[in-house]
Amino acid sequence: MVRVEHVSKYFGDIKAVDDLSFEVLEGEVLGFLGPNGAGKTTAMRILTCYFPPSQGRVTVGGFDVVTDSDEVRRIVGYMPEHVPVYRDMTVEDALDFVAHAKGYGPAARRRFVDSVIEETGLGTVRKRLIGHLSKGYRQRVGLAQALIGEPKVLILDEPTVGLDPRQIAEVRQLIKNMAGRRTVILSTHILPEVQMTCSRVVIINQGRIAASGTPQKLTTQMRGGTQVVVKAIAPEQKLREMLEQLPQVKKVIPRETLPTQASDDGTIGDRLCELVVETSSLSPEINTTVADAVVRRGWRLVELYEAGMTLEEIFLRVIASDTAEASTGKADLQEKASAEVMKS
């Protein structure tokens, strides 16, 4: 649905976006993340035809944002970080005005206005002045504006900024309800929000893509392997030794061990053991391997699941690594330049 191919954007000597390439599938909710000044807003403005890329190509629904910008605008809804709303207009009048500006006739405008008011939960305030609404309701009006015309692609830049926890939860649920019906690109600094609503993330730093993929895939990339948690009722030492002998297992780390039963002579027998198994590389079959090994020895497997990192941990690690590499590269260039000066 959205394809970005080797896109760069210059403002004078400043390169705001540097060779971006990614794709968003139809019906997917993509989290677009990055620190302040990373180039997120620039990329979103290119996607929404605010200005063209300096290099590369962007297509939305098969239409080029430069040569087919009118077609792109018809299928894209955009909610910027600072929502432009007319505070002296009622909710329904403002939405009707937006629909009129998009070129729809009276019948279509009524249909679209009623539809977006229902979808965004604005029914109880449709006759009220926008200036009299709470911040949360004004954000809903901004989202409703973006939904006028039933766009296939929705681009949201910080849709929950300034909202309280209840309002954030409400807007988050609205976005989740769109999954599968619309292609959504969501930019936000609230990482748990992305983890709860997005199926995939793209992390951008210093104008370049630092990482992309599902949170599970990024967890594996960060750790260099797979990590699973095993809970079983078994002799702790024997369980650990057995797991350490499995193929590709790098390390077995005990988490917790609790006594579950005692033998006739009063000594402790099998225990409820919780261990973390780390593999040396990506190992999608490790769950099956561990389960088979535990059950084959007659031990009781209680729980087995892959341990992921939080999106915040992934984000901070990716940004730190990417920034460190950039600093190293800059230092190498400075050292090389100094050497050239010394030669001359």
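Every value quoted in this text rests on a predicted model; they were computed, and no experiment measured them.

K.L.:
Would you mind showing me how to read the overall build of the chain here?
P.N.:
Looking only at helices and strands, the chain has 11 helices and 14 strands in total. Evaluated residue by residue, the chain yields a buried proportion of 45% over its 344 residues. Contacts in the chain between residues at least 24 apart in sequence constitute 70% of all its contacts with a sequence separation of at least 6. Per element, the accessible surface of the chain, about 17,600 Å² overall, is 50% carbon and sulfur.

K.L.:
In this structure, what is going on with the sheet that holds strand β5 (residues 63-64)? I would like to understand it.
P.N.:
In a beta sheet, neighbouring strands pair by backbone hydrogen bonds and run either parallel or antiparallel. Taken together, four strands build an open sheet; the order of strands is β2-β1-β4-β5 and the sheet is antiparallel. Both edges of this open sheet fall to β2 (14-24) and β5, since each of them pairs with a single strand only. One ladder, built from seven bridges, connects strand β1 (residues 2-11) with β2; its direction is antiparallel. Bridging from a neighbouring strand, F11 pairs with I14 of β2. Contacts from helix α1 (residues 40-47) reach β1, β2 and β4 (55-60) within the one sheet, and its direction differs from that of β1 by about 120°.

K.L.:
I would appreciate a short explanation of the pattern of salt bridges in the present structure.
P.N.:
Should their charged atoms come close, side chains of opposite charge can pair. Enumeration over the complete set of coordinates arrives at 19 salt bridges. One salt bridge connects R111 with E150, and the closest N-O pair in it is separated by 3.8 Å. Placement of R111 in helix α4 (residues 106-119) and of E150 in the loop between α5 (135-147) and β7 (153-157) is noted, with a sequence separation of 39 residues between them. Judged by relative accessible area, which is 46%, R111 ranks as partly exposed. Note that R240 is salt-bridged to E244, the shortest N-O span being 3.4 Å.

K.L.:
Sorry if this is basic, but what is going on with α1 here?
P.N.:
Count 3.6 residues to each turn of an α-helix, and residues three or four apart come out pointing the same way. Of all the eight residues making up α1, six are buried; the element is thus mostly covered by neighbouring parts of the structure. Buried residues of α1: K40, T42, A43, M44, I46 and L47, and no others. C49 sits one or two positions beyond α1 and adopts a positive phi of about 70°.

K.L.:
What is the right way to look at unusual backbone geometry in this model?
P.N.:
Excluding glycine, residues mostly have negative phi values, and the peptide bonds linking residues are mostly trans. Of note, C49 is a non-glycine position whose phi angle comes to about 70°, a positive value. Relative to the assigned elements, C49 resides in the loop between α1 and β4. For C49, a relative accessible area of 9% gives the class buried. Located in the positive-phi region is E150, a residue other than glycine, with phi close to 50°.

K.L.:
What should I look at first to understand the pairing of strand β10 (residues 208-213) in this one?
P.N.:
Successive side chains on a regular strand alternate, one facing one side of the sheet and the next facing the other. In the sheet, strand β9 (residues 200-205) pairs with β10 via five bridges, with the strands oriented antiparallel. Looking at the pairing, I203 lines up with A211 of β10. Where β9 hands over to β10, the hairpin turn is made up of two residues, of which Q206 adopts a positive phi near 55°.

K.L.:
How do you make sense of the packing of aromatic side chains when you look at a structure like this?
P.N.:
We describe a pair of aromatic rings using the distance from one ring centre to the other and the angle between the two ring planes. Under the defined criterion, the tally for this structure stands at five aromatic pairs. Look at F11 and F51: their rings are 5.7 Å apart centre to centre, the planes differ by 80°, and that puts the pair in the edge-to-face class. Note that F11 is positioned in strand β1 and F51 in the loop between α1 and β4, a separation of 40 residues in sequence. Taking NZ or CZ as reference, K9 lies 5.6 Å from the ring centre of F11, over its face.

K.L.:
What is the right way to read helix α6 (residues 165-178) from this model?
P.N.:
Counted at 1.5 Å a residue, the expected span for α6 with its 14 residues is 20 Å, and the 20 Å between its end C-alpha atoms agrees. All of the buried residues along α6 are Q167, I168, V171, R172, L174, I175 and M178. The buried side chains of α6 occupy one side of the element, clustering within an arc of 155° when seen end-on. Exposed side of α6, more than 90 degrees from the buried face: P165 and R166 are the residues found there. On its buried side, α6 packs onto β3 (29-33), α4, α5, β7, β8 (183-187) and α7 (191-197). Count one or two residues on from α6 and you reach G180, which has phi positive near 90°.

Conventions adopted
Residues numbered from 1 in each chain as written. Predicted model: local features only at pLDDT ≥ 70, side-chain atom pairs only at ≥ 80, totals over all residues. Heavy atoms only, no water. Helix = DSSP H or I, 4+ residues; strand = E, 2+ residues; numbered from the N terminus. Buried < 20%, exposed > 50% of the residue type's maximum accessible area, 1.4 Å probe, protein only. Contact = heavy atoms within 4.5 Å. Areas by Shrake-Rupley, 256 points an atom, 1.4 Å probe, with all protein chains shown as cover. Pairing = 2+ DSSP bridges. Axes fitted to C-alpha atoms, helices over the stretch in contact; angles between N-to-C directions. Salt bridge = Lys/Arg side-chain N within 4 Å of Asp/Glu carboxyl O. Phe/Tyr/Trp six-rings, centres within 6.5 Å; stacked < 30°, edge-to-face > 60°. Lys NZ or Arg CZ within 6 Å of the ring centre and 35° of its normal. Expected span 1.5 Å × (residues − 1). Arc of directions from axis to C-beta.

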